[in-house]
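Structural overview for review
Read off the chains here:
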Amino acid sequence: MVLLKLAYKNLVRAGLRTWLNALALSFGLVAIIGLQGLYIGMGEQAASVAKDAEYGGGQYWHKLYDPYDPLTLQDAHGKIPQNISKLISEGKATPILIVQATAYPQGRTVPVLLKGIIPEQKILKFPTGVLKSEDVDGIPALIGERMAAELGVKEGDYLTVRWRDVNGTFDATDVKIVKIMSTTDQNIDNGQIWVPLKVLQRLTGMEEEATIIVVSPDLKNPPPAPGFEFKNLKFLLKTIEALVKVKTQGTFVIYIILLSIALISIFDSQVFSIFKRKKEIGTLMALGFTRLQVIILFTLEGALHAFFAVILSALYGAPLLIYAAKVGYALPKSATESFAIALGERLYPRYGTGLIVGTAILVFIVTTIVSYLPVRKIAKMKPTEALRGGIQ
Amino acid sequence: MSVIKTENLTKIYRMGHTKIYALDHVNLSFEKGEFAGLVGPSGSGKTTFLNMVGILDKPTEGRVIVMGKETSSLNQKEAALFRRKYIGFIFQTFNLFPHYTAFENVEFPLLLLDLSTEERKERVMEALEMVNLAHRANSKPSELSGGERQRVAIARAIVKRPEIILADEPTANLDAKNSYNVLDIMADINEKLKATFIFATHDEKVIKYLRRKITLNDGKVVKDEVMK
Ligand SMILES: Nc1ncnc2c1ncn2[C@@H]1O[C@H](COP(=O)(O)OP(=O)(O)OP(=O)(O)O)[C@@H](O)[C@H]1O
Ligand SMILES: [Mg+2]
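Values in this document were obtained by computation on a predicted structure and should not be read as measured data.

1. A closer look at the overall build of chain A
A tally of helices and strands in chain A yields twelve helices and 13 strands. Principal axes of the C-alpha set define a box for chain A whose edges measure 100 × 40 × 30 Å. Put simply, chain A has 392 residues, and 49% of those count as buried. As displayed, chain A offers around 18900 Å² of accessible surface, 63% of which is attributable to carbon and sulfur atoms.

2. A look at the site of ligand 1
Surveying the vicinity of ligand 1 reveals 15 residues, the closest of which are Ser42(B), Gly43(B), Lys46(B), Thr47(B) and Thr48(B). Neighbouring residues of ligand 1 are not confined to one chain but are distributed across chains A and B. Note that a nitrogen atom of ligand 1 is positioned 3.3 Å from one of the side-chain N or O atoms of Arg388(A). A distance of 2.4 Å is found between an oxygen atom of ligand 1 and a side-chain nitrogen or oxygen belonging to Ser42(B). Every element with two or more residues in the shell around ligand 1 is listed here: β1 (4–15), β2 (18–30) and α1 (46–53) of chain B.

3. Here we look at the sheet that holds strand β3 (residues 35–39) of chain B
All names here are of chain B. Read from one edge of the open sheet, six strands run β6-β7-β8-β3-β9-β10, paired in mixed fashion. Across the chains shown, the open sheet's two edge strands, defined by having one partner strand only, are β6 (87–90) and β10 (220–226). Neighbour-to-neighbour, the strand axes of this sheet turn through a mean angle of 15 degrees, independent of strand direction. Of the pairings in the sheet, the one linking β3 to strand β9 (residues 212–217) comprises four bridges and is parallel in character. Bridge pairing links Leu38 to Ile214 in β9. The strands that α1 touches are β3, β6, β7 (164–168), β8 (196–200) and β9; relative to β7, the one it contacts most, it runs at about 155 degrees. The sheet strands contacting helix α6 (residues 176–193) are β3, β6 and β8, and the helix crosses β8 at an angle near 150 degrees.

4. Describing the environment of Pro105(A)
All names here are of chain A. You can see Pro105 is positioned in the loop between β3 (93–104) and β4 (110–117). Residues Pro105 and Leu258, spaced 153 residues apart in sequence, show a C-alpha to C-alpha distance of 51 Å. Sequence-distant contacts of Pro105, defined by excluding residues within four places in its chain, comprise Val110, Leu151 and Leu159.

5. Things to note about the interface of chain B and chain A
With 22 residues of chain B in contact, the opposing surface of chain A contributes 21 residues. With both chains or domains summed, chain B and chain A bury close to 2200 Å², and 61% of this area falls on carbon and sulfur atoms. Taken together, chain B and chain A are joined by two salt bridges. Of the charged contacts in the structure, one is a salt bridge between Lys9(A) and Glu104(B), with a shortest N-O distance of 3.2 Å. If you look at where chain B meets chain A, you find eleven residue pairs in polar contact (both at pLDDT 80 or more). Broken down by secondary-structure element, the contributors of at least two residues to the side of chain B that touches chain A are α2 (76–86) and α3 (102–111) of chain B. Considering each element in turn, the side of chain B that touches chain A owes the most residues, five residues, to α2(B). Of the residues in the side of chain B that touches chain A, the class split is ten nonpolar, five polar and seven charged.

6. Considerations on the packing of aromatic side chains
This model, assessed by the stated rule, comprises 19 aromatic pairs over all chains. The interplanar angle of 40 degrees and the centroid separation of 6.0 Å between the aromatic rings of Phe289(A) and Phe108(B) together place this pair among those described as tilted. Of the two residues, Phe289(A) is situated in the loop between α8 (278–286) and α9 (291–327) and Phe108(B) in helix α3; the pairing between them involves two chains. The exposure classification of Phe289(A) matches that of Phe108(B), with both residues buried. An aromatic cluster of at least three residues, connected via ring pairs, comprises Tyr8(A), Trp19(A), Phe307(A) and Phe308(A). Over the ring of Phe170(A) we find Arg162(A); its NZ or CZ atom is 4.0 Å from the centre of that ring. Taking the ring centre of Phe235(A) as reference, the NZ or CZ of Lys231(A) above it sits at 4.8 Å.

Conventions used here
Residues numbered from 1 in each chain as written. Chains lettered and ligands numbered in written order. Predicted model: local features only at pLDDT ≥ 70, side-chain atom pairs only at ≥ 80, totals over all residues. Heavy atoms only, no water. Helix = DSSP H or I, 4+ residues; strand = E, 2+ residues; numbered from the N terminus. Buried < 20%, exposed > 50% of the residue type's maximum accessible area, 1.4 Å probe, protein only. Areas by Shrake-Rupley, 256 points an atom, 1.4 Å probe, with all protein chains shown as cover. Near = heavy atom within 4 Å. Polar contact = N/O pair within 3.5 Å; in protein donor to acceptor, adjacent residues only side chain to side chain. Pairing = 2+ DSSP bridges. Axes fitted to C-alpha atoms, helices over the stretch in contact; angles between N-to-C directions. Contact = heavy atoms within 4.5 Å. Buried area = accessible area lost by both parts, 1.4 Å probe. Salt bridge = Lys/Arg side-chain N within 4 Å of Asp/Glu carboxyl O. Nonpolar A, V, L, I, M, F, W, Y, C, P; charged D, E, K, R; others polar. Phe/Tyr/Trp six-rings, centres within 6.5 Å; stacked < 30°, edge-to-face > 60°. Lys NZ or Arg CZ within 6 Å of the ring centre and 35° of its normal.

Following this line, the structure appears as structure tokens:
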């Protein structure tokens, strides 16, 4: 405690240099929290979009379904189990049948996935209701903007689609694009054509069958379903989590650079201190300070820069970061498209206590290490040499 | 029992192949309350002797017994604790901490002892009164004259009531008036506290105050005389 008090006094009384070092360190601290918060916000936003548009409260997958291998789709469908049908009629689950197909816009061939969904479902938040229009001549289809661009179609256009039925026989029909939806979630857009479930089941001869079944977020403890496996949100959101992690690790280098400017400066101050304050070190030893106490004192002086950095960060960084979280960052369209996960037009950073405390602790630890390194020299210093001061 | 006793105390510095005998079989003892000084030409070993007694350095040969303790048996930490308790230093260059007030400088040695804030304050003010600087308690060293600085350093050396005070050329950076002032104060403290003072000095003014004068030459004691 005595040493901490002395270190604090020494540092405060050293004046401007201390504050410059602390300010530099606080820039690093604020930037790390800001950037990291951005990635966390991005992950949470993407997860929330994915939950709304894809995952609901989790999904049952047909045993053979593998989202990364479209070839499995041929076989990855099965009768919806009894107990799940009950959930579906109660609005607590909604089945999706996925069939590989080919679209022929203006004579080109585009591989697509036909996805059958119940138009009245309320679990996934995208406008499946438009598929109700039974009156249309042809099958009503819903696609996203990206798919529309790829196919070169507008609302009201017809599109020829060919698929294999349950027996592997080719069949074809025209679908009518009743709506082109704008969505941030590419996974319900790219390469996909949504049609009414009943129609797709009939066309493919897969009556009462589904590939996946999305459950409502309100459904606690989804029951086992024969032929299907339940995938919880934790599993489904892994991809997003992994992606955010990769992004975060990429920025680690930036963090090191951000901090290193301040850390080099603190290291330098410490080297300077040991060199210039040799006589002071000798005097402390003569007064009865042990070497360890002197080492702790000087290390604390360096480490306390982190403490001042935290105070400075709280003063100017906190309002800045809170403002950023309120207003968000506008993202250019090109940026949102280049990411593999769903992003809104504005990105809202999120800072948890864990992030803030964790970053502060990290800064404390590295500052302490950097402060200690030059101070180790004291361990080899003889009191008589130190008292003489200057260079030996 | 002597407060300090040396037996064949020898310190050799090696400069390449040549050996320098900074101290050469010195046998001296000091009793409680002595006011003694080491004199002799530059390089005769005065500072080296004080360093050995203050356990800031270790002898090459021989023994130093301080307060009945053989000092070479102490490790670095024990030596520090020993100094903390028994030994006060006064330096030629004062060695005050520039960012601290006179009060805080004097308080320094007490911070390591188990004392309450009030006790510390009382002792610091008492020490400052002994050197007639109670009114400058809140001044920084840069605001004090050389003589005043050395008086603060004296207060710092005596504040913990050590048995031994080692003063290496304490007047070398002071003018005559301040030297006498400082010497009067030290003689007075020696009288009051019965602390053993050992000086290393060339200064005739200091020598006038000594009650025992030990002359060193080339690391050897050549004369040991009682004064007055
Ligand atoms: N660290 C060292 N390395 C080598 N030689 C040293 C060292 N310290 C002291 N000496 C030598 O030891 C001898 C005694 O030195 P010391 O400092 O004790 O003399 P002194 O009597 O205090 O002199 P002065 O009056 O100039 O202060 C000198 O010859 C000096 O050069
Ligand atoms: Mg000397």
